[in-house]
Structures are given as C-alpha cells and as structure tokens.
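# Understanding the architecture of this molecule
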Amino acid sequence: MTSTPRSGGPLFRVSTLMAVAGLILLVLVHRYGLPLFDSIEGSTLDGRFQLRGPVPAPDDVVIVAVDERALAEVGRWPLPRAKIAAALEELKRLGARSVGLDFLLSESEATGSGAGLSPGDMALREALEQNRCVLAMAALFERTMSGGQPVPGDLSAAGYRVVQKPASGGFLPSQATGALLPLADFRNVAAIGHVNLAPDRAGARRSFEPAIALGDTFVPSFAVQLARLQMGLGEDEIALSLNGWLQLGDRRIPLDSDLSAPIDYYGPTGSIRTYSLADLLAGSVPREAIAGHAVLLGATALGLGDRFITPFAREMPGVEVIATVAANLLHGPRLTRTGLMRAWELGAMLVLAGLAWLAATRRNPLLALGLTLAALLAWPAFCVLAFLQWHLWLNMVLPTFAALLTATILLPGRVIAELRLRREAERQRSNLARYVPAAMAAQLAAEGKAGFHEREQPAAILFADLSGFTQLSETQSPEDTARFLKAFHGRLEEVVLAHGGVIEQFVGDGAMVIFGLPQPRPEDPVSALACARVLVRTLARWQPKLMPRVGLHFGPVALARLGGATQSQLAVAGDTVNVASRLEDFAKQNSAAIAVSDAVMSAVAAAGRRDLQAGFWPLPDQAIRGREGRLTVWIAPVEAVMEAAATPAGDRAPGPAAKENLNPESS
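In this report, the structure presented in the accompanying data block is examined. (Residues numbered from 1 in each chain as written. Predicted model: local features only at pLDDT ≥ 70, side-chain atom pairs only at ≥ 80, totals over all residues. Heavy atoms only, no water.)

## Describing the overall build of the protein chain
Here is the rule we go by: Think of it this way: any DSSP run of H or I at least four residues long counts as a helix, any run of E at least two long counts as a strand, and we number them from the N terminus. Using a 1.4 Å probe on the protein chains alone, a residue whose accessible area is under 20% of its type maximum counts as buried, one over 50% counts as exposed, and one in between counts as partly exposed. Residue contacts follow a heavy-atom distance rule, with two residues in contact if any of their heavy atoms lie within 4.5 Å. Shrake-Rupley sampling with a 1.4 Å probe provides the accessible areas, and residues are treated as covered by the protein chains on show and by no other component.
A tally of regular secondary structure across the protein chain gives 19 helices and 26 strands. Out of the 667 residues belonging to the protein chain, those deemed buried represent 49%. Nonlocal contacts in the protein chain, meaning residues at least 24 apart in sequence, comprise 77% of its contacts between residues at least 6 apart. If you sum the accessible surface of the protein chain, you get close to 30600 Å²; carbon and sulfur atoms cover 56% of it.

As structure tokens, then:
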C-alpha cells in the first residue's frame, strides 16, 4: 500500500528538517533577542496588562510634581535650588519618611561671585542633611558622549556594600562608561541612585535595572535606594546577587538573566497619587498625605523631563515610572520574570513544536486540526493565566511562533502528501475494481484489511453461460474469441450491476454472480430472478444462435477469503453455490433458458412479485447431480422469457440499484 505522512516520504522528511532548522533559529532568537519578536512580545505583554486592567496603587508612595502650574508660579527652569530646599523643608515638616529628588543636580547654581556654592546650593545642602534623601545620577553608555564626568574614586561608597558573586558564571549588569553625578557637596550628604530606564525594542519601559556597573562599583537604582530609606534599612542590609536576585532586608526579589526586573504598572498616568509643587510650597498639602510616605519630587510639565510608553499610557512622566518601581519594591514585586522562566519557555518551544509535528503526521484531518489548534492556543492561554493568577511574565511569542512555524513548514508537505495519497488510493481502488466488484473494492479500501470478515449469510447465487460457444470458438481466431468474450462480459456486467449483483468471477463464456454483497438484503432473491430474466433476453437478442443458460438458487453461503498466504480471492462457498451451478446444467438438460430453485420462487412470492414467475413451471422432486436430496425446480424456456418481457411490471428489480425494464437492445 502507499506510504502516509506518518511513514515519512521524502518531501515530509525535508519539511521536518526545515522545521528543525527553523526551531534552532528561534532558540538563538530566544537567547540573543530580535527586534521584531521583542516588539511583538512587548505588545502581548501590554495586552495582558490591559486584560488585567488598572489596580489600586499603594498609597505610601507620593509624587510632588513640577507641573505647568508650579512652573508658572516659580517662573524658571531648572528650579532655583532655594525652591527645592523649601520643598524639602515642607516635606520634613509634614513628616515624609524618605524623599527622592528626580533632578540631575550635576552643576552648581550660578553665583554672583562666580565661585563656590550659591546661597541656594547651601540651603539645599542643609535641607538634604535634614532629610533622608536620594539624588539622581545618569549612567552614560556611549564613549563619545560629552558631558559625563570621570568616575570618582569615592563613588564606591555609593555602590552596593554586599555583592554576592558565584565562583563561576553568574549574570552581570549593564556596564556604563561614565555618569552624570550630583555635585560632591550634595552626594556627600545623600544617597544616590541611577535613574536609567532602558527602553525595549518597541520604545517602552517594561523593566528596570536594580544596578548598573561603573568600573568595579555596582550602583543601585534610584528606586532601590528610595525603597531602602523608606524601609529604614542600612546600606549593608541590601545585597545584589549575580546569581539573579536582589535582597532588601528580609525580602528577596528574583531577577531576570540580565539582572533586570519587570515593572508592574498599576494603571495610566496619575495612578500614583500626585500633588503639585505649587500646593506644597503654598502649604495646602495635608499632613496625612505625606506623613510616613516615600515622596518623589520630579517634573511632569510638558517639555520637562522624560516621558515613556507604558502598557496603559503613551506618555507617562519618568518620575511616575520610577515611583511605580519604588512601590513595586516596597510592596513586593507583583510581576516576576527570571532566568528559570526562560528555561521554561525553551522547553515550551520544544514541546509545542513537537505537538505541531505530531499534528502534521496524523491521518485524521480533524485530529490534526485539533492538535494544531491546541499547540497554537495552549501556550498563549497559559501565559495569560500565569500573568493574571501568579503574576508571571512568560514569553508568549516565541513558543507560539515555534508551533506556528513548524505547522506552516510541514503543512505544504502534508497537503502534497495527502493529494498524492488520494490519487494513489483512487488509482489502486480503480485497479482493484477491475478485478473485484466495485462494492467489494470500496469496502476493502474502507476497512484496510486483507478481506471481509469470514461469515455465513443468505445469498442468491446465479450461474450463467452461453450454450454453443465452444463450437463457435472453433471457427474463430484467438483475437476474435477474445473480442467476443469481452462483448459478452460487458453485456452481462451491465445487466448484473443494474440489478445490484456482484460478479464473483468470469470463467470463459460463463460467470458466477452473487446477490447479497457487501451485505445481504431482503430483496436479493427478487433482484436475482429479475436479473436472470433480463440477462436471458439481452443475450438472446444479441446472439440468437447461442442459447443463454442460467441457474439460480437462494440459501446460506459462507463468505471467506480463499487461497494461500500470498495470493487469495474473496469467494462464497457452500451447498447453495453447488446447487446453483448444477441448476445451470439442469437447464441445459431440459432445454430451458432458466432453472430456478423452489427457495427462490418462495421468496419471490413472499415479496409479492409473482409477475417474475411468468413463463415458469415447476418440476417437483428433481434429482440434482452430485446431491442426494431432491428439489422442486422451476424452468422457463427462452421463448417464455421473451414473451414475458411485454408485461408492464416484467422484470423490474426492487430498490434504487435496479434499472426498471432494462432495454437489452441498447446493449
């Protein structure tokens, strides 16, 4: 039989190799990244945030914003240092626990003398000493970028005091080449932290780096320092592990393989409670809004500061993004992404690609479709569930694309293979139908077995031949004889098929026909007798000089596969077959065209088709050659059969398979 996609034809094997190559490329993309896939993954993450919807932000992180109103009242930018100092004094009065200044105070304020600190700078330094403050620094990564300062030797005091390094391996943070630092007078009285928020491939800020390396120093992020101060932790109570975690007191925060952590946004711009600097300086901010809280002072006015793309906003002020990170750190990171999860994703890629391959090898199209859809939908559904229920960020795109790529590569091969199989199956069925009856060929093809199940069933058996053919063939060449037999077989086949019979075999000028395949039917005896009558008329009109002979019997037969281990045929056997064969001889001995057993006639009469008995007369108690029992045999000469053809109901066979009043002349 033909091969299937499961057995692997050449085209399918090539497709499989292409799918494996594509999977290897995706594994490399998963390891090193690719802008297109990173951008799509970012969009799917945004979709998961949107599906979750906004959630309440913690109320102990507050923003004091330099908004349009505050900028108009102050009248200049950058803010005068005296105004910043005044804001710090008011925050201390209101009971702020920690304060973060999201300003780059890297230059001294201009003084009239042109040297030393201005009065505003000195006021700010004094205010910094009176508060628990964090100052912003910006790490630089371009060696050619101007404006950066050499890394001072005392910067190590601002780095993580505890850095756990594995004996081998481990992860490393981003390495900066320079930095914009606060003035030494300021950073000597306050903590400093970097405010770098690297965008992803789509330009959005979805992760933050708890540390950036400056030389041998690992500088904490602004949000980490603010969270440390808010939690009342000393510098030696936070730790960075290059194995992939951040320690804040007794809280351990897992990090990704690049020592970053995802930002769990609470909602659109304004989700973090925000007050205007103008209200703070005017004394109109209530104490309960500030007392005990972490406060970030930064710019939100248009044209000031950075604005970032987030899952909920096209433009969120940088100070609110940092405030969101600080809130995440203070209340535990709701959203997690780790190096271990990347291993899960790699496993998912292999499993889903395997499922897609299995789908492509299934013979059942519905099963193949179901497996393919399962492979394509299962992982996205799991990623959404993991995000909503367990706050896990799993890469949705690459494992899903691995299944899609595998299915897409294998699909053309599967379709072509299926088309080839269909053509081959039709060819084999057509060839098989040339040697076995079409109904039996169809059932053999459907069952896919070597033959029918051996069973016993009732059937009508008809034997037919042409008396006088032997003498005729003596006067013909072999080619003429072959053409004659082909014409004879064609006419016999047309009549038999019109009455629902199955030609079991042709033997020279004779044939054996079965009524009852592939399954027995109540009308089989009626169809067989109608067929016998039409067959006699058809052959008599075609060859008037030859006498058609038909023997017909109805009874139990055994349906079986006969033959040896390598060559066999489907056949029926039993006494019914022997009697039908002997009845054909009986017709010849009694100069009749048809000899029918009483079993057939009784079944025909019971079916109400006595019209088919026209022209017959019974011969009771007849001996059948080779058989001890005696039978009543009904015979009809050819003349009687020809005369009965004029009867309107004549030789009509029952059922949709029959052709009413088949015109033998058309044969």
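From this point, things continue past the structure.
## Brief notes about the side chain of S221
Selection rule: Any pair of nitrogen or oxygen atoms within 3.5 Å is treated as a polar contact; in protein, a donor-acceptor pairing is required on top of that, and neighbouring residues in sequence qualify only through side-chain atoms on both sides.
Relative to the elements of secondary structure, S221 occurs in the loop between β10 (217–220) and α7 (222–231). By relative accessible area, which is 4% here, S221 ends up buried. Among the polar contacts listed, one links the side chain of S221 to the backbone nitrogen of V224, at a separation of 3.2 Å. Dropping the residues within four chain positions of it, S221 is found in contact with G193, H194, F208, E209 and P210.

## Some details on helix α2 (residues 35–52)
Here is the rule: In a helix, the anticipated span is given by 1.5 Å times the number of residues less one.
For α2, spanning 18 residues, the distance from its first C-alpha to its last is 26 Å, which sits close to the expected 26 Å at 1.5 Å a residue. Those residues of α2 lying buried are F37, E41, G42, T44, L45, D46, R48, F49 and R52. One or two residues past the end of α2 sits G53, with phi positive at roughly 85 degrees.

## Considerations on the packing of aromatic side chains
Rule in force here: A pair of Phe, Tyr and Trp rings is counted when the ring centres sit within 6.5 Å of each other, with Trp represented by its six-membered ring. The angle between the planes then sorts it: under 30 degrees is stacked, over 60 is edge-to-face, the rest tilted. Charge-over-ring contacts are defined here by two conditions on Lys NZ or Arg CZ: a distance within 6 Å of the ring centre and an angle within 35 degrees of the ring normal.
The final tally for this structure, using the stated rule, is nine aromatic pairs. Taking 6.0 Å as the distance between ring centres and 70 degrees as the angle between the ring planes, the aromatic pair formed by W77 and F103 counts as edge-to-face. A residue pair is termed long-range when its members are at least 10 positions apart, and W77 in the loop between α3 (68–74) and α4 (81–94) and F103 in the loop between β2 (98–101) and α5 (119–130) qualify at 26 residues. For F103, a relative accessible area of 9% translates into the label buried. Taken together, a centroid distance of 6.3 Å and an interplanar angle of 50 degrees make the contact between F382 and W390 tilted. Residue F382 is classed as partly exposed on the basis of its relative accessible area, which comes to 37%. Taken together, F49, Y265, F312 and F387 form an aromatic cluster joined through their ring pairs. Residue placement shows R252 over the ring face of W245; its charged tip is 3.6 Å from the ring centre. Across from the ring centre of W393, 5.3 Å away, lies the NZ or CZ of R337, which sits over that ring.

## Considering the sheet that holds strand β4 (residues 162–164)
The cut-off we apply is this: Criterion used throughout: strands pair if DSSP finds at least two bridges between them. The axes used here are C-alpha line fits, helices contributing only the stretch in contact, and every angle between their N-to-C directions lies in the interval 0 to 180 degrees.
Ordered by their spatial adjacency, four strands build an open sheet running β4-β11-β12-β13, and the pairing between neighbours is mixed. Two strands in the sheet have a free side with no partner beyond their single neighbour: β4 and β13 (251–254). Put simply, the sheet's adjacent strands are angled 20 degrees from each other on average, direction ignored. Along the sheet face, α7 touches β11 (238–241), β12 (245–248) and β13 and points at about 30 degrees away from the line of β12.

## Re the side chain of T324
Of note, T324 is situated in helix α9 (residues 318–330). Side-chain polar atoms of T324 contact the backbone oxygen of E320, separated by 2.8 Å. Among all residues touching T324, those that are not within four sequence positions of it are I263, D264, Y265, Y266 and I272.

## Remarks on the pattern of salt bridges
Test applied: One side-chain nitrogen of Lys or Arg within 4 Å of one carboxyl oxygen of Asp or Glu is enough to make a salt bridge.
In this structure the tally under the stated criterion is 18 salt bridges. The salt bridge partner of D264 is R52, with a shortest N-O separation of 2.9 Å. Highlighted residues: D264 in the loop between β14 (261–262) and β15 (274–276) and R52 in helix α2, separated in sequence by 212 residues. Comparing D264 with R52 shows no difference in burial state: the two are buried. For D264, the salt bridge goes to R334, with nearest N and O atoms at 3.1 Å. Note that D264 is positioned in the loop between β14 and β15 and R334 in the loop between α9 and α10 (339–361), a separation of 70 residues in sequence. The exposure class of R334 is partly exposed, given its relative accessible area of 30%. When salt bridges with common partners are traced through the structure, they connect D256, R337, R342 and E345 into a single cluster.

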